[in-house]
Amino acid sequence: MASNETKGLRRNKAILSSLGDEATTQFIVARRALPKNGLRDSPNVHICEVSLPRETGPGPDIEQADSEEAEEKNVIIKTVASIPIEDSEMVYCHLFQLNTCYQAMAKNNKMVVFSDDMNIRKAFYALIYNSCRTGLVMDTKTFCITGVLSATDFIMVLMKLWKFREAITNITGIKMTEEDKARTDITAMPIRTWKDHLKTDGKLKPFQTIDVEDSLYSAAERLASSRIHRLPVMDEHSGDCMFIITHRRLLHFIWQHAALLPKPEFLRERVRDIGVGTWSNIKYVLHETPLIDALDMLMNEGISGVPVVKDDDGLEVISVYTRFDAISVAFSTDQENLSINVGEAIGQRRRLTGRMDTVVTVPQDINMWSLLETFVEKNVYRVFAVDEGSKLKGLISLSDLINFMVLRPKTIAL
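Since we're looking at a predicted model, the values are computed, not measured.

Thresholds applied
- Residues numbered from 1 in each chain as written.
- Predicted model: local features only at pLDDT ≥ 70, side-chain atom pairs only at ≥ 80, totals over all residues.
- Heavy atoms only, no water.
- Phe/Tyr/Trp six-rings, centres within 6.5 Å; stacked < 30°, edge-to-face > 60°.
- Helix = DSSP H or I, 4+ residues; strand = E, 2+ residues; numbered from the N terminus.
- Buried < 20%, exposed > 50% of the residue type's maximum accessible area, 1.4 Å probe, protein only.
- Lys NZ or Arg CZ within 6 Å of the ring centre and 35° of its normal.
- Arc of directions from axis to C-beta.
- Pairing = 2+ DSSP bridges.
- Axes fitted to C-alpha atoms, helices over the stretch in contact; angles between N-to-C directions.
- Contact = heavy atoms within 4.5 Å.
- Salt bridge = Lys/Arg side-chain N within 4 Å of Asp/Glu carboxyl O.
- 1 Å grid on protein atoms, 1.4 Å probe; cavity = no way out; pocket = protein on both sides within 12 Å on 5 of 7 lines; lining within 4 Å.
- Points joined across faces, edges and corners; volume = space filled by probe spheres on them.
- Patch = residues over 30% accessible without salt bridge, like charges linked within 9 Å, V, L, I, M, F, W, Y side chains within 5 Å.
- Areas by Shrake-Rupley, 256 points an atom, 1.4 Å probe, with all protein chains shown as cover.
- Lys, Arg positive; Asp, Glu negative; His and termini not counted.
- Charge placed at Lys NZ, Arg CZ, Asp CG, Glu CD.
- Polar contact = N/O pair within 3.5 Å; in protein donor to acceptor, adjacent residues only side chain to side chain.
- Expected span 1.5 Å × (residues − 1).
- Parallel < 35°, antiparallel > 145°, perpendicular 65-115°, else oblique.
- Left-handed = near helix turned anticlockwise from the far one by under 90°.
- Nonpolar A, V, L, I, M, F, W, Y, C, P; charged D, E, K, R; others polar.

Novice: Help me understand the packing of aromatic side chains in this model?
Specialist: In this description, an aromatic ring pair is defined by two values, namely the gap between the centres and the angle between the planes. All told, the structure shown has 5 aromatic pairs when counted by the stated rule. Their ring planes at 80 degrees and their centres at 6.1 Å tell us that phenylalanine 96 and phenylalanine 253 sit as a pair that is edge-to-face. Of the two residues, phenylalanine 96 is situated in helix α2 (residues 91-97) and phenylalanine 253 in helix α8 (residues 247-258); the sequence distance between them amounts to 157 residues. Judged by relative accessible area, phenylalanine 253 falls into the buried class, the value being 2%. Judged by centre distance (4.5 Å) and plane angle (45 degrees), the rings of phenylalanine 124 and phenylalanine 154 are tilted. In this pair, phenylalanine 124 is assigned in helix α3 (residues 120-129) and phenylalanine 154 in helix α4 (residues 151-172), connecting sequence segments 30 residues apart. Of the two residues examined, phenylalanine 124 and phenylalanine 154, each falls in the buried class. Taken together, the ring pairs in this structure connect Tyr92, Phe266 and Phe404 into an aromatic cluster. One Lys or Arg, arginine 248, reaches over the ring of tyrosine 381 and ends 4.2 Å from the middle of that ring. The ring of phenylalanine 404 carries the charged tip of arginine 408 above its face, separated from the ring centre by 3.8 Å.

Right under this line is the structure:
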């Protein structure tokens, strides 16, 4: 909420206003609503009391003061925290610092929770049927959330199984029978056993979570430093997972407030000029690229999706293959066949799931504000920048936007 005068303050909502006679634009929140790890003890945050007309409340968002003076003046006294916006580049950084993860939670949330003794393949069936990219893993003994199961896990399972069978076939020179395949099918193992294998191989990443009362800035930092795309938000009192925060959720939070906030100069700049996204050495595949090579690229390069281009010369983007698409292999008749090419895998995905990733392209000279509009309207994870001849020139992801708009300004200020 924003206005030119302080009225109708809402709990946990950062607003813009002017306090007293000061002309400086400021963020204002109720002091008790500050994130526990945000700017609560920062010298940049000013604590003061404001008077609000009684007709605006009390209501659930306004606390009525126990003050005779306030009663006489027919006002409500509220203690607020404010931080001046001296540099417009810091506006989204401050927005995230002054709001908790709870504030970014969508009204409708869907989460899938697996017990750790569940069969891996059945778990990925469940992800497909529920259109979820990540599931939480619960310890059957303690009933605590201990990890996540994502498309990355399934890719690793498939690649390990396929490469193992290929090695056996090459060594023996004999094609494996159906009985041999069933005996070596590691997708039938429990989730717990798979996680133990990853731990033994040194590939099990620490389970990353964040508290619901922590700041959104901390969530953005955690996503960036851990190079993950989904972060469970936990209630430390109950131990329950409230929701899973993503870069898409963070961008929507910015968009909800963007019209009422000062616009940084970089929103008018061309995306390419300010270095947002990848503009050189862009990884791509062709329809003829073996699927195993595409999956290797996704895993080794640490990217969530790779553009599929028409040919090496034109570089016209015709599709995109993502980590989540690999889960559709679980529904195929030849479930562990990774020798097919990317084009066949995309066709398989369309037949089995009825889903086709939308390819969204933008002009290579697009500015930041137009790019934000595109991401929000199209609701995609990445867009491809092309020239007048539809040739691929750049790739911008949601994480690129959040890192530039939220994390970068504080780094520069330091």
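Novice: Which parts of the structure should I look at to understand helix α6 (residues 191-200)?
Specialist: Because each turn of an α-helix spans 3.6 residues, side chains separated by three or four positions in sequence point in the same direction. By the burial criterion, the buried members of α6 are Ile191, Trp194, Lys195 and Leu198. Looking down the long axis of α6, one finds its buried residues gathered within 100 degrees of arc, a one-sided arrangement. For α6, the exposed residues set more than 90 degrees away from the buried face come down to Lys199 and Thr200. After α6 finishes, the residue glycine 202 shows a positive phi value of roughly 75 degrees.

Novice: What is the right way to read the sheet that holds strand β6 (residues 134-138) from this model?
Specialist: The sheet built from 3 strands is open, its strands ordered β5-β6-β7 with mixed pairing. In the strand order of this sheet, the two ends are held by β5 (113-115) and β7 (145-150), each with one partner. The average angle at which neighbouring strand axes cross in this sheet is 35 degrees, direction not considered. Sheet topology places β5 next to β6; 3 bridges connect them, and they run parallel. Bridged to phenylalanine 114 within β6 is valine 137. Running over the sheet, α6 touches β5, β6 and β7 and is turned about 85 degrees from β7.

Novice: Is there a simple way to explain the environment of aspartate 139 in this structure?
Specialist: For aspartate 139, the location among the structural elements is in the loop between β6 and β7. When the C-alpha atoms of aspartate 139 and aspartate 116 are compared, they prove to be 5.6 Å apart, with 23 residues separating the residues in sequence. Excluding residues within four positions of it along the chain, aspartate 139 makes contact with Asp116, Cys144 and Thr146.

Novice: In this structure, what is going on with the pattern of salt bridges? I would like to understand it.
Specialist: Charged atoms that come close allow side chains of opposite charge to pair. Applying the stated criterion to the full structure yields 6 salt bridges. Measuring nitrogen to oxygen at the nearest pair gives 3.2 Å for the salt bridge that ties glutamate 265 to arginine 268. On the basis of relative accessible area, glutamate 265 is assigned to the partly exposed category, the value being 48%.

Novice: Help me out: how do you make sense of the layout of surface pockets in this one?
Specialist: Any empty space left between the atoms is revealed when a probe the size of a water molecule rolls over them. Considering only enclosed or pocket space, the second largest pocket measures out at about 740 Å³ in volume. Taken together, 22 residues line the second largest pocket, and the ones lying closest to its centre are Ser131, Cys132, Arg133, Arg248 and Tyr381. Where the lining of the second largest pocket is concerned, the elements lending two or more residues are β10 (241-246) and α8.

Novice: Could you clarify how one ought to interpret a negative patch on the surface in this entry?
Specialist: Together, Asp311, Asp312, Asp313 and Glu316 make up a negatively charged patch on the protein surface. Here glutamate 316 is to be found in the loop between β12 (305-309) and β13 (317-322).

Novice: Would you mind going over the pairing of β13 with me for this structure?
Specialist: On any regular strand, side chains alternate: one points to one face of the sheet, the next to the other face. In terms of burial, β13 is largely enclosed, as 5 of its 6 residues are buried. Relative to β13, β12 is paired through 5 bridges, and the arrangement is antiparallel. Looking across to β13, one finds that valine 308 is bridged to serine 319.

Novice: What am I meant to see in the side chain of aspartate 153 here?
Specialist: With respect to the helices and strands, the residue aspartate 153 is situated in helix α4. Accessibility expressed as a relative area gives 7% for aspartate 153, which makes it buried. A polar side-chain atom of aspartate 153 sits 3.1 Å from a polar atom in the side chain of tryptophan 194. Residues in contact with aspartate 153, not counting those within four places in the same chain, are Phe124, Val148, Trp194, Lys195 and Leu198.

Novice: Sorry, what's going on with α8 here?
Specialist: The terminal C-alpha atoms of α8, which comprises 12 residues, lie 16 Å apart, in line with the 16 Å expected from a rise of 1.5 Å per residue. Turning to α8, its buried residues number three or more, namely His247, Arg249, Leu250, Leu251, Phe253, Ile254, His257 and Ala258.

Novice: Please clarify how the packing of α4 against helix α9 (residues 291-300) should be interpreted in this entry.
Specialist: Think of two packed helices as two axes; the pair is described by the angle between the axes and how far apart they sit. Taken N-terminus to C-terminus, the directions of α4 and α9 make an angle of 135 degrees; their axes are 11 Å apart at the nearest point. In terms of orientation, α4 lies oblique with respect to α9. The way α4 lies across α9 gives a crossing that is left-handed. Residues Thr152, Ile155, Met156, Met159, Trp162 and Lys163 of α4 pack against Ile292, Leu295, Asp296 and Met299 of α9. Per-class residue counts for the contact of α4 with α9 are 7 nonpolar, 1 polar and 2 charged.

Novice: Where do I start with the sheet that holds strand β8 (residues 210-211) in this structure?
Specialist: Neighbouring strands of a sheet are bound in pairs by backbone hydrogen bonds; such pairs are parallel or else antiparallel. Here 3 strands make up an open sheet; going across it, the order is β8-β9-β10 and the pairing mixed. Taken across any chain shown, the strands that pair with only one partner, and hence form the sheet edges, are β8 and β10. Relative to β10, strand β9 (residues 230-234) runs antiparallel, the two sharing 5 bridges. When the sheet's bridge partners are listed, arginine 230 is paired in β10 with threonine 246.

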